[in-house]
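Spelled out from the first residue to the last, the chains are:
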Amino acid sequence: MKIDKCELGYIAKKKKISFLWLMVSVLIGVAIFLIGYFWTHTRANIFTVVAVLMVLPAAKHIVSLIILFSKKGVSKERFDKIKEASGNAILLTEYVFTSTEKIMNLDFVLIKNGNVLAVKAPAKQDVEYMKKYLEDSVHKAAPSFHVKVFDTDEQLLKQLSKLAQAEAEPAKEEKVVECLRSLAV
């Protein structure tokens, strides 16, 4: 079963897949090197160059593992509770994104009625920086949207019940969703 970015179970699945691809890349690189060495009886051959180039895909998976190493997924019960309360809102979960300076993690990002509501993950994070970065990114896609980052699910649910009933334009919401998905790791 394929799990896309920002879906329940994404972090755990991405960790497993990145680790497997890392191992495959290393094994292929070592195999190519050994084939070349046993065939030519020297390390100075084209097989060594190809084996060294296998470092590139391995490096990509190492970076992915480093980014996701300390990140935890969301429990099914928490997800179901927020999903039920959100109604027809767009809900992204296990949202990991990066800037040039920091790696940030949100448990939930909810898009509804011109608002982007988020719950930060329990890890120690610079919430002000995260909120500013998220606001800047969302405002590029839809300047009228408001962004709020909460510490707990209860704060999100309380704010969700206060939201105006006026619906935002679906095109703007889709633009914001595309923008947020493009930021996700």
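See above for the structure.
Calculation criteria
- Within each chain, residue numbers correspond to sequence positions counted from 1 in written order.
- The model is predicted, so local features are restricted to residues of pLDDT at least 70 and side-chain atom pairs to those at 80 or more, both for listing and for counting; the totals for chains, interfaces and linings are taken over all residues.
- Only hydrogens and water are removed before side-chain values are computed, so all heavy atoms of the structure are retained for them.
- Runs of H or I in DSSP of at least four residues are treated as helices and runs of E of at least two as strands, each being numbered from the N terminus.
- Two rings from Phe, Tyr or Trp (for Trp, the six-membered ring) form a pair when their centres sit within 6.5 Å of each other. Planes less than 30 degrees apart are called stacked, planes more than 60 degrees apart edge-to-face, and all others tilted.
- Remark: exposure states derive from per-residue accessible area (1.4 Å probe, protein chains only) relative to the maximum for the residue type, with buried under 20%, exposed over 50%, and partly exposed in between.
- Two thresholds decide whether a charge sits over a ring: the Lys NZ or Arg CZ must be within 6 Å of the ring centre and within 35 degrees of the ring normal.
- When DSSP finds two or more bridges between a pair of strands, those strands are recorded as paired.
- An axis is simply a line fitted to the C-alpha atoms; with a helix, the fit covers only the stretch in contact. Between two such axes, the angle follows the N-to-C directions and lies from 0 to 180 degrees.
- Convention used here: angles under 35 degrees read as roughly parallel, angles over 145 as roughly antiparallel, angles from 65 to 115 as roughly perpendicular, and any remaining angle as oblique.
- A clockwise turn of the near helix away from the far one marks a right-handed crossing, whereas an anticlockwise turn of less than a right angle marks a left-handed crossing.
- A contact between two residues is defined here by any heavy atoms of the two lying within 4.5 Å.
- Classes in brief: Ala, Val, Leu, Ile, Met, Phe, Trp, Tyr, Cys and Pro nonpolar; Asp, Glu, Lys and Arg charged; the others, Gly included, polar.

Focus on the environment of Asn88
With respect to the helices and strands, Asn88 occurs in the loop between α4 (76-86) and β1 (90-98). Residues Asn88 and Glu101, spaced 13 residues apart in sequence, show a C-alpha to C-alpha distance of 34 Å.

Section: the packing of aromatic side chains
A complete count under the given rule lists six aromatic pairs for this structure. Relative to Tyr37, the ring of Phe33 has its centre 6.2 Å away and its plane inclined at 15°; by these criteria the two rings are stacked. Linking Phe33 with Tyr37, this pair stays in helix α1 (residues 10-40), spanning four residues, or about one helical turn. The exposure class assigned to Phe33 is partly exposed, which follows from its relative accessible area of 28%. Ring centres of Phe97 and Tyr133 lie 6.1 Å apart, and the angle between their planes is 20°; this geometry places the pair in the stacked category. Residue Phe97 is found in strand β1, and its partner Tyr133 is found in helix α5 (residues 127-141); the two are separated by 36 residues along the sequence. Overall, Phe97 belongs to the buried group, its relative accessible area being 0%. Site record: aromatic cluster; members linked through ring pairs are Tyr95, Phe97, Tyr129 and Tyr133. One residue, Lys102, lies across the ring of Tyr129, its end atom 5.4 Å from the ring centre.

Quick word on the pairing of strand β4 (residues 146-150)
Strand direction decides the pairing type here: strand β3 (residues 115-120) and β4, joined by five bridges, are parallel. Across the sheet, Ala118 pairs through a bridge with Val149, a residue of β4.

Some words on the packing of α5 against helix α7 (residues 170-183)
Between α5 and α7, the least distance of the axes is 8 Å, while the angle of their chain directions is 135°. Comparing their axes, α7 and α5 come out oblique. Our pair here, α5 against α7, has a crossing hand that is right-handed. In contact with Tyr133, Leu134, Ser137, Val138 and Ala141 of α5, α7 contributes Lys175, Val176, Cys179, Leu180 and Leu183. Residue composition of the contact of α5 with α7, by class: eight nonpolar, one polar and one charged.

Remember that the coordinates give geometry; whether it matters functionally is a separate question.
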